[in-house]
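For reference, the chains in residue letters:
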Protein chains: 2
Amino acid sequence: MSYKAPLKDMMFAMGELAGIDRLSALPGFEDATRDTAQAVLDEAARFTEGVLAPLNAEGDKHPSTWKDGVVTASPGFKDAFRQFAEGGWQGLQHPSVYGGQNLPKLLATPCIEMLNASNLSLALCPLLTDGAIEALLTAGSETQKAIYVPKLISGEWTGTMNLTEPQAGSDLALVRTRAEPQADGSYRIFGTKIFITWGEHDMAGNIVHLVLARTPDAPEGVKGISLFIVPKFMVGDDGSPGVRNDVHCVSIEHKLGIKASPTAVLQFGDHGGAVGHLVGEENRGLEYMFIMMNAARFGVGMQGIAVSERAYQKAAEYAKERVQSRPVDGSAKQSVTIIRHPDVRRMLLTMRALTEGARSLAYVAAAYSDLGHQHPDEAQRAPHQAIYEYLVPIVKGWSTEMSLEVTSLGVQVHGGMGFIEETGAAQYYRDARILPIYEGTTAIQANDLVGRKTLRDGGAVVAGLLTEIDRTLAELHVHPSFRTSGAFQSMHRHLHAGRDALQKSVRFVVDHAKREPNAVFAGSVPYLMLAGIVLSGWQMARSLIIAADKRADDASFYDTKIATVHCYATQVLPRAMALEAAVTAGLCADGVPMLDEDQF
Amino acid sequence: MSYKAPLKDMMFAMGELAGIDRLSALPGFEDATRDTAQAVLDEAARFTEGVLAPLNAEGDKHPSTWKDGVVTASPGFKDAFRQFAEGGWQGLQHPSVYGGQNLPKLLATPCIEMLNASNLSLALCPLLTDGAIEALLTAGSETQKAIYVPKLISGEWTGTMNLTEPQAGSDLALVRTRAEPQADGSYRIFGTKIFITWGEHDMAGNIVHLVLARTPDAPEGVKGISLFIVPKFMVGDDGSPGVRNDVHCVSIEHKLGIKASPTAVLQFGDHGGAVGHLVGEENRGLEYMFIMMNAARFGVGMQGIAVSERAYQKAAEYAKERVQSRPVDGSAKQSVTIIRHPDVRRMLLTMRALTEGARSLAYVAAAYSDLGHQHPDEAQRAPHQAIYEYLVPIVKGWSTEMSLEVTSLGVQVHGGMGFIEETGAAQYYRDARILPIYEGTTAIQANDLVGRKTLRDGGAVVAGLLTEIDRTLAELHVHPSFRTSGAFQSMHRHLHAGRDALQKSVRFVVDHAKREPNAVFAGSVPYLMLAGIVLSGWQMARSLIIAADKRADDASFYDTKIATVHCYATQVLPRAMALEAAVTAGLCADGVPMLDEDQF
């Protein structure tokens, strides 16, 4: 089997760390019990392992193709997507009134992980559709919701996000696509959008493009952008698809990875104008798009965790088979499987520690989101939501950056075989490389973390998280295992140093942002990475305590968890010290920001 | 221009750090003056920039091809290699008696860097040929030297290293290829070799395969391996190529990168036996192969530096062109080129700091090799050679591992465009991925560093280097710039912490290797990385002092150097602390080495 869903660790993160029991106590989530969760996860595992995972390498070998404007998905993808739709997987976390299952984000999260681990390219299509659903639910009219959302949830149609233009990547102020109002209240859209994921394909009956464009009198910059629905096929009021709209895919990109996922250049209005419908109010498009983007950013963070898990599994499998060299401790006279070599164990455990650390943080973040939306005490919602929003750029930035390390280690474990494409390890390395780029590069995430998530409240949310870490540190220290366990001692020492590093970095950011913005923003990515490492480390510390307490229930699982946490404490957490130096140096002394361009 | 040789930094590293003037004072190297060096480097730059660099992307798009046993190099490669041969570039560091130019390794090193930066795939062919020349010069008979070496140096023929077999990668004890002695003193070779770089091609008239094989009565394991010359075409005593030998390329690999370089599966003896000639004595093949490997390992380290330099140049060029977003310091109201954004500067400077740091260490290592070979005082040779040998696994392991980070940052600077293959940044990311694997993975380098280079002398060589670092620290501290320069202060602080981390790590290795080999070898790669970071940091500290002293000569160059050193001090050197924790943790507590295979 090419992918086996890590159900035990997922249930551990959901049940013990993120506290699913708290969620099933919330109004509307009564059905989201542990038993339901286990049943949903089992079913998701069966589907993703059996149907999607075997198509992953095939999609890489046979990318989606473009011919005369028609994009054909990789072999087997159309049928697999049909099964995905029929299984109701798109609707997991969406309202039951539109056909969804209304489950907590926490419960949808492991399903999304499995989807992406089994097939990153295919999973992008539902990921974008989720964003379109969220934007329409938030800003669409009742009619728009009624027409589009049920079809998106059922998987009959799919959704896209149309932001980027050739001159406008991260910088949406530069968007030039025009929207001309028509007498009937609709608009005609003209322009070119690039990098549109699943922007054209043959897996669904219609594609609902959500498009950023400017109306004629719109103000300049990001305050003049509106959001439009531009369906591939026009839609009647009864929801039936009609004639082809004037939006056409003129080419797809030749990419480093996720080759099965078509990345489209879309041309709007070359034949008279594409019909578009305004979503919400004019000039508030960016705000609505952020709803899509926040959902998508969390989703891309999960992609990082997913591809890391898969890379780990492949490497571990190879390490158990490949025979090479005698053990350094002299425990065998013959060559042994390489998993017995300490450096291979270091690599595998580091891969695992990074993956499980990022997973635990992401799942906990999902629970904060659920509490932020559904907590019966309204006063409790805002603080939970604020923590979730602090964590979104971290889940996105840190989980995807760490996936580069994990997939690279995955190649390394394979040695020379890792460089041969047939082996498959290289695909994860190539696929992962887009993750720290799309839906906002790591620098964009880090700017969000510094600007909106740290400076705006003077570091109050992160200060609350530091207090939580202190509580966990105290628990580690008084735990009966502390005196005898190297894992406890290492974790306590390095988490303590890490939380100090995070605190000092936050203070540097807060204190220097006004006077020395270049210094602060030169350290924004190191700050994000530091926060990711320490906050995941906090979850790993909590895992350690639980594992020690529950060891008798399942010694094999919990011993592995303890070893993984110990690896995290010694191989990952100490990086916090190095990152603190990078944050607080600010690259500012001796005139670095003053270097002329020609000195680079 | 797609590549511009960094001649100033190369001359700086050769002249100021590695001390070329000391070398031209050595007997045999009288011609190797600064002026000669400048002239050779200028010529190398002209050739590599003009002829080889433009073929690099072409080779990626049109890999070498295999048909019916015949391998055709990528378009343009054959002609470019002819120009390489005619330019005398293969002979730079080889003896003039065989047609070489007898230049110091230090002078050959920047040429090798340019060769690899301009075209990594093509440069692999001379890199392997260099190894073959070194092995033959060391272990070949006079006749063998006379027949093969001049043709290899002239570039009429090329060389290969045949170690790996399907079941024997890093573990040469498993080699099964047989060598049967014949009445005429030759041998018949039978077996399969894989991963043979440039093992078959059409760029040269003959290919000299150096092949590890076992004679019938050889002892088991690595002590029973002998080295054989197996030419593609038989060679007469007058050096004329004759009939085709029984060695055939049955396929080439489909790889992640370096696609223009054919990676061959070679079948020896399917039609009666390939004729082979023993090199040196029976059963000493591994020892001779190590001569090739040590030369090749240093060369692969240079490849890491080379591909990093090229990735940096591409990213810097893009950052100067791409317009996106307003500056965070409010210094412009419009969108600006992204090189004005602090995070882009951080990425570019980090790429540059890593590249220049590794370059300076490698060039200094080359000078130690020259002193080790040519010092007139024989008593001085051994200690210089010992330092070089300590540095070889570091130059190989650290320079190649850092190239993964640099080429990844290169993609990141490009944003979404970096993921599109046409852009070219992705090629460096793919090409670089083999470097920490071939010629011995980083773990193999680290085992060498721990075993032969640290434990064998109880850490004496590295202790000597630590003393040198202390001297540099003292120089930093008394320097007039110390009180006012952030670069000086940061460098002093972090180099001091780094040398302490290195010292503690060495002590851990030396103290624990016997009792806890698993603990030590689980930290061997972190130890190698730590040594690379600190020793390169030492060279960067020396660079800083020189730059401050010479600033008036060339303010633009030296200011950039100071900024780059400052970046190294704050973004790279602090990682030493994290690595020390990784080394000394040993992954040993709580039974990590005891985890069963099924717990992975």
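Computed from a predicted model, the values in this text were never measured in an experiment.

Trainee: Honestly, the overall build of chain A in this entry has me stumped. Any pointers?
Mentor: Looking only at helices and strands, one finds 19 helices and 12 strands in chain A. Relative to the compact-globule value of 25 Å for 600 residues, chain A shows a C-alpha radius of gyration of 24 Å, a close match. Expressed along its principal axes, the backbone C-alpha trace of chain A runs to roughly 80 × 60 × 55 Å. Across the 600 residues in chain A, those meeting the buried criterion constitute 65%. Counting contacts in chain A only where the partners sit at least 6 residues apart, residues at least 24 apart contribute 74% of the total. Summing over all exposed atoms, chain A offers an accessible surface of approximately 20000 Å²; the carbon and sulfur share of this is 51%. The distance from the centre of the 55 positive side-chain charges to the centre of the 68 negative ones in chain A is 6 Å.

Trainee: Could you clarify how one ought to interpret the UniProt feature "domain: Acyl-CoA oxidase/dehydrogenase middle" (unreviewed entry) in chain A in this entry?
Mentor: Here the UniProt feature "domain: Acyl-CoA oxidase/dehydrogenase middle" (unreviewed entry) sits at residues 161-270 of chain A. The distance separating the terminal C-alpha atoms of residues 161-270 of chain A is 20 Å; by composition the span is 0% helix and 45% strand.

Trainee: Just to check I follow, could you spell out unusual backbone geometry for this structure?
Mentor: Peptide bonds are trans in most cases, and residues, glycine excluded, mostly fall at negative phi. Despite not being glycine, Phe 195 of chain A shows a phi value in the positive range, around 60°. Following the sequence through the fold, Phe 195 of chain A ends up in strand 5 (residues 187-197). Looking at Phe 195 of chain A, the relative accessible area reads 23%, which means it is partly exposed. If you check the backbone angles, Ile 258 of chain B has positive phi at about 30° while not being a glycine. Looking at where Ile 258 of chain B falls in the secondary structure, it is placed in the loop between strand 10 (247-252) and strand 11 (263-268).

Trainee: Quick question: what am I supposed to make of the nonpolar core here?
Mentor: General note: in soluble globular proteins, nonpolar side chains tend to be found buried as a group. With 393 residues, the main nonpolar core has Leu 348, Tyr 390 and Trp 398 of chain A together with Leu 348, Tyr 390 and Trp 398 of chain B as its most contacted residues. Beyond its immediate sequence surroundings of up to four residues, Trp 398 of chain B is in contact with Leu 354, Ala 358, Leu 361, Pro 393, Leu 528, Met 529, Gly 532, Ile 533, Ser 536, Tyr 568 and Val 572 of chain B.

Trainee: What is the right way to read the packing of helix 11 (residues 378-413) of chain B against helix 17 (residues 524-550) of chain B from this model?
Mentor: Any two packed helices are characterised by how steeply their axes cross, that is the angle between the axes, and by the distance between the axes. Residues and elements named next belong to chain B. Running from N to C, helix 11 and helix 17 cross one another at 95°; their axes reach a closest spacing of 9 Å. Taken as axis vectors, helix 11 and helix 17 run roughly perpendicular relative to one another. The residues of helix 17 that touch helix 11, namely those facing Tyr 390, Leu 391, Pro 393, Ile 394, Gly 397, Trp 398 and Glu 401, are Tyr 527, Leu 528, Met 529, Ala 531, Gly 532, Ile 533, Leu 535 and Ser 536. Its residues assigned to classes, the contact of helix 11 with helix 17 comprises 11 nonpolar, three polar and one charged.

Trainee: What should I look at first to understand the interface of chain A and chain B in this one?
Mentor: Interfaces are often described in size by the accessible area the parts lose on coming together. Between chain A and chain B, the contact holds 95 residues from the first and 95 residues from the second. Buried area between chain A and chain B, both sides added, is near 8000 Å², and the carbon and sulfur share of it is 62%. Among the residues of chain A in contact with chain B, Phe 419, Tyr 429 and Phe 600 of chain A are the three that bury the most area, contributing 11% of the side total. The interface formed by chain A and chain B holds zero salt bridges in total. Between chain A and chain B we count 38 residue pairs in polar contact (both at pLDDT 80 or more) in total. Considering each element in turn, the side of chain A that touches chain B owes the most residues, nine residues, to helix 18 (residues 555-572) of chain A. For the side of chain A that touches chain B, the per-class residue count stands at 48 nonpolar, 25 polar and 22 charged.

Trainee: Please explain the UniProt feature "domain: Acyl-CoA dehydrogenase/oxidase N-terminal" (unreviewed entry) in chain A as it appears in this structure.
Mentor: In this structure's numbering, the residues bearing the UniProt feature "domain: Acyl-CoA dehydrogenase/oxidase N-terminal" (unreviewed entry) are residues 35-156 of chain A. The span residues 35-156 of chain A shows a helical share of 67% and a strand share of 5%, and its end C-alpha atoms are spaced 30 Å apart.

Trainee: Would you mind going over the packing of aromatic side chains with me for this structure?
Mentor: Each aromatic ring pair is characterised by the separation of its centres together with the angle its planes make. Following the criterion strictly, the structure yields 17 aromatic pairs over all chains and no others. Arranged with centres 5.1 Å apart and planes meeting at 75°, the rings of Phe 557 of chain A and Tyr 558 of chain A form a pair that is edge-to-face. For the pair Phe 557 of chain A and Tyr 558 of chain A, a shared accessibility class is recorded, and that class is buried. A centroid spacing of 5.9 Å and a plane angle of 65° characterise the contact between Phe 12 of chain B and Phe 557 of chain B, whose relative ring orientation is edge-to-face.

Trainee: Would you mind going over the side chain of Arg 352 of chain B with me for this structure?
Mentor: Examined against the element boundaries, Arg 352 of chain B turns out to sit in helix 10 (residues 342-374). Among the residues examined, Arg 352 of chain B registers a relative accessible area of 14% and is labelled buried.

Trainee: For this particular structure, what's the right way to read helix 9 (residues 285-321) of chain A?
Mentor: Since there are 3.6 residues in each turn of an α-helix, residues three or four apart along the chain are aligned in direction. With 37 residues, helix 9 of chain A extends 53 Å between its outermost C-alpha atoms, agreeing within 8% with the 54 Å of an ideal straight helix rising 1.5 Å per residue. With 29 of its 37 residues buried, helix 9 of chain A lies for the most part within the structure.

Trainee: Is there a simple way to think about the relation of the copies chain A and chain B in this case?
Mentor: Placing chain A over chain B gives an RMSD of 0.0 Å and needs a rotation angle of 180°, together with 0.0 Å of translation along the axis. As the rotation angle and translation indicate, the two copies are arranged about a two-fold axis. Comparing interface residues between copies, 100% of those in chain A also lie at the interface in chain B; the contact surface is shared.

Trainee: Which parts of the structure should I look at to understand the pattern of salt bridges?
Mentor: A side chain of one charge can pair with a side chain of the opposite charge when the charged atoms of the two come close. All names here are of chain A. With the rule as written, the count across this model stands at 62 salt bridges over all chains. The shortest N-O distance in the salt bridge between Lys 550 and Glu 16 comes to 3.3 Å. Placement of the pair is Lys 550 in helix 17 (residues 524-550) and Glu 16 in helix 1 (residues 7-17), with a sequence separation of 534 residues. Each of Asp 9, Glu 113, Glu 309, Arg 352, Glu 356, Arg 359 and Lys 561 takes part in salt bridges that share partners, so that together they form one network.

Trainee: What exactly am I supposed to notice about the side chain of Thr 48 of chain A here?
Mentor: Topologically, Thr 48 of chain A is positioned in helix 3 (residues 34-52). Accessibility expressed as a relative area gives 1% for Thr 48 of chain A, which makes it buried.

Trainee: For this particular structure, what's the right way to read the state of the cysteines?
Mentor: Per the counting criterion, the structure on display carries zero disulfides over all chains. Cys 249 of chain A carries a free sulfur, and the closest cysteine sulfur to it, the one in Cys 125 of chain A, is 14 Å from it.

Trainee: Just to check I follow, could you spell out the environment of Lys 550 of chain A for this structure?
Mentor: Judged by relative accessible area, which is 29%, Lys 550 of chain A ranks as partly exposed. In contact with Lys 550 of chain A, other than residues within four places in its own chain, are Glu 16 and Tyr 558 of chain A.

Trainee: Where do I start with helix 8 (residues 142-154) of chain B in this structure?
Mentor: All names here are of chain B. Here helix 8 spans 18 Å end to end across 13 residues, near enough to the 18 Å set by a 1.5 Å rise per residue. Of all the positions in helix 8, only Gln 144, Lys 145, Ile 147, Tyr 148, Val 149, Leu 152 and Ile 153 are classed as buried. Where helix 8 is buried, its residues meet helix 7 (120-139), strand 3 (157-162), strand 6 (206-213), strand 7 (226-231), strand 8 (233-235) and strand 12 (274-279). At the C-terminal side of helix 8, Gly 155 shows a positive phi close to 80°.

Trainee: Teacher, can you tell me more about the packing of helix 5 (residues 77-86) of chain B against helix 7 of chain B here?
Mentor: Residues and elements named next belong to chain B. It is the contact of helix 5 with helix 7, at a shortest axis distance of 11 Å, that shows an interaxial angle of 45°. Relative to helix 7, the element helix 5 lies oblique. Considering how the two elements wind past one another, helix 5 and helix 7 form a crossing that is right-handed. Residues Phe 77, Ala 80, Phe 81 and Phe 84 of helix 5 touch helix 7, and the partners they reach there are Ser 121, Leu 122, Cys 125 and Pro 126. Residue composition of the contact of helix 5 with helix 7, by class: seven nonpolar, one polar and no charged.

Trainee: I keep staring at the pairing of strand 11 (residues 263-268) of chain A and nothing clicks. Help me out?
Mentor: Consecutive residues of a regular strand have side chains that alternate between opposite faces of the sheet. Residue and element names in this part refer to chain A. Summarising burial for strand 11: six of the six residues are buried, a large majority. Going residue by residue along strand 11, you find Thr 263, Val 265 and Gln 267 tucked away on one face and Ala 264, Leu 266 and Phe 268 tucked away on the opposite face as well. Bridge count between strand 10 (residues 247-252) and strand 11: five bridges; the pairing is antiparallel. Bridge pairing in strand 11 places Ile 252 opposite Ala 264.

Trainee: Hey, could you run me through the domain arrangement of chain A in this one?
Mentor: Domain assignment breaks chain A into domain 1 (64-74 + 140-148 + 157-283) and domain 2 (442-590). A separation of 41 Å is found between the C-alpha centroids of domain 1 of chain A and domain 2 of chain A.

Trainee: Honestly, the environment of Ala 541 of chain A in this entry has me stumped. Any pointers?
Mentor: Residue and element names in this part refer to chain A. For Ala 541, the position within the fold is in helix 17. Overall, the relative accessible area of 0% leaves Ala 541 in the buried class. C-alpha of Ala 541 to C-alpha of Pro 517: the two residues are 24 residues apart in sequence and 34 Å apart in space. Not counting residues up to four positions away in its chain, the partners in contact with Ala 541 are Thr 472, Leu 476, Met 491 and Leu 495.

So, how was this worked out
Residues numbered from 1 in each chain as written. Chains lettered and ligands numbered in written order. Predicted model: local features only at pLDDT ≥ 70, side-chain atom pairs only at ≥ 80, totals over all residues. Heavy atoms only, no water. Helix = DSSP H or I, 4+ residues; strand = E, 2+ residues; numbered from the N terminus. Rg over C-alpha atoms; globule rule 2.2 N^0.38 Å. Buried < 20%, exposed > 50% of the residue type's maximum accessible area, 1.4 Å probe, protein only. Contact = heavy atoms within 4.5 Å. Areas by Shrake-Rupley, 256 points an atom, 1.4 Å probe, with all protein chains shown as cover. Lys, Arg positive; Asp, Glu negative; His and termini not counted. Charge placed at Lys NZ, Arg CZ, Asp CG, Glu CD. UniProt positions renumbered as here; feature names shortened; annotations may be inferred. Core = buried A, V, L, I, M, F, W, Y, C linked by side-chain atoms within 4.5 Å. Axes fitted to C-alpha atoms, helices over the stretch in contact; angles between N-to-C directions. Parallel < 35°, antiparallel > 145°, perpendicular 65-115°, else oblique. Nonpolar A, V, L, I, M, F, W, Y, C, P; charged D, E, K, R; others polar. Buried area = accessible area lost by both parts, 1.4 Å probe. Salt bridge = Lys/Arg side-chain N within 4 Å of Asp/Glu carboxyl O. Polar contact = N/O pair within 3.5 Å; in protein donor to acceptor, adjacent residues only side chain to side chain. Phe/Tyr/Trp six-rings, centres within 6.5 Å; stacked < 30°, edge-to-face > 60°. Expected span 1.5 Å × (residues − 1). Least-squares fit on C-alpha atoms with pLDDT ≥ 70 in both. Disulfide = S-S within 2.5 Å. Left-handed = near helix turned anticlockwise from the far one by under 90°. Pairing = 2+ DSSP bridges. Domains from an automatic or database assignment.

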